[in-house]
Amino acid sequence: MAKGRTIGIAMDYSTTSKTALKWAVDNLVSAGDTVVVLLVLSPKSDPVNKQLFEDTGSPLIPLVEFKEVGVCRKYGITPDSELFDMLDCLSVAKKANVVAKVYWGDPREKLCEAVNHLKLDAMVLGSRGLGTIKRVLLGSVSSHVVQNATCPVTVVK
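Residues numbered from 1 in each chain as written. Predicted model: local features only at pLDDT ≥ 70, side-chain atom pairs only at ≥ 80, totals over all residues. Heavy atoms only, no water.

With that out of the way, let us pick up the confidence of the model for the chain. Note that predicted coordinates carrying low pLDDT should not be read in detail. This prediction gives the chain a mean pLDDT of 90; 91% of its residues lie at or above 70. With pLDDT under 50 throughout, residues 133-138 is counted as low confidence; its partners more than four residues away or in other chains account for 5 contacts. (pLDDT = per-residue confidence, 0-100. Contact = heavy atoms within 4.5 Å.)

Right, let's get into the state of the cysteines. Evaluated as defined, the whole model comprises 0 disulfides. The thiol of C89 is not disulfide-bonded; the next cysteine sulfur, from C72, is found 18 Å away. (Disulfide = S-S within 2.5 Å.)

Okay, the pairing of strand β2 (residues 34-41) next. Taken across its 8 residues, β2 has 7 buried, putting it largely inside the fold. Summarising the sheet, strand β1 (residues 6-10) and β2 pair through 5 bridges and their orientation is parallel. Residue pairing in the sheet places G8 in a bridge with V36 of β2. A crossover connection joins β1 to the parallel β2 through helix α1 (residues 15-27); in handedness this β-α-β unit is right-handed. Strand direction decides the pairing type here: β2 and strand β4 (residues 97-104), joined by 8 bridges, are parallel. Within β4, the position partnered with V37 by the bridge is A100. (Buried < 20%, exposed > 50% of the residue type's maximum accessible area, 1.4 Å probe, protein only. Helix = DSSP H or I, 4+ residues; strand = E, 2+ residues; numbered from the N terminus. Pairing = 2+ DSSP bridges. Right-handed = clockwise from strand over helix to strand, strands pointing away.)

What follows covers the packing of α1 against helix α5 (residues 81-93). Orientation of α1 relative to α5, taken along the N-to-C sense of each, is 10°, at an axis distance of 11 Å. By the angle between their directions, the pair α1 and α5 is classed as roughly parallel. Residues K18, L21, K22 and V25 of α1 form the contact with α5, whose participating residues are E82, L83, M86, L87 and L90. Class assignment of the residues belonging to the contact of α1 with α5 gives a composition of 6 nonpolar, no polar and 3 charged. (Axes fitted to C-alpha atoms, helices over the stretch in contact; angles between N-to-C directions. Parallel < 35°, antiparallel > 145°, perpendicular 65-115°, else oblique. Nonpolar A, V, L, I, M, F, W, Y, C, P; charged D, E, K, R; others polar.)

Right, here's the structure in full:
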């Protein structure tokens, strides 16, 4: 029996990141895989657990705990019932293990760090759809991750 893969899904609660999650469920995730929902929060946020895990990110948070309001509050996560429903469906329908990991800092750097730290086999993220000028001025998270991640990356529009 083949070993399950570890697949990272970058999540910022936007429509495009939820579309990326849906794409991963429909096209990539199989039974036995572990899906890691990667949240990168502002370094300016100051939740209770940030001081403990600022350098390494939170421990992996099982889906059942991730959905608890108290756990969300400790990590500075915004509870999102639509996302939780999508993750529940993924867990049941695909028989996949779903966990979350929270980082604080620059999403470009933290997502690339997550690839190495978690030994991800693949990463899926949404595209904000920035135009050429905004992409040059603001920098594109997806472009940076595609260029620098050490695993295959799929950007979903």
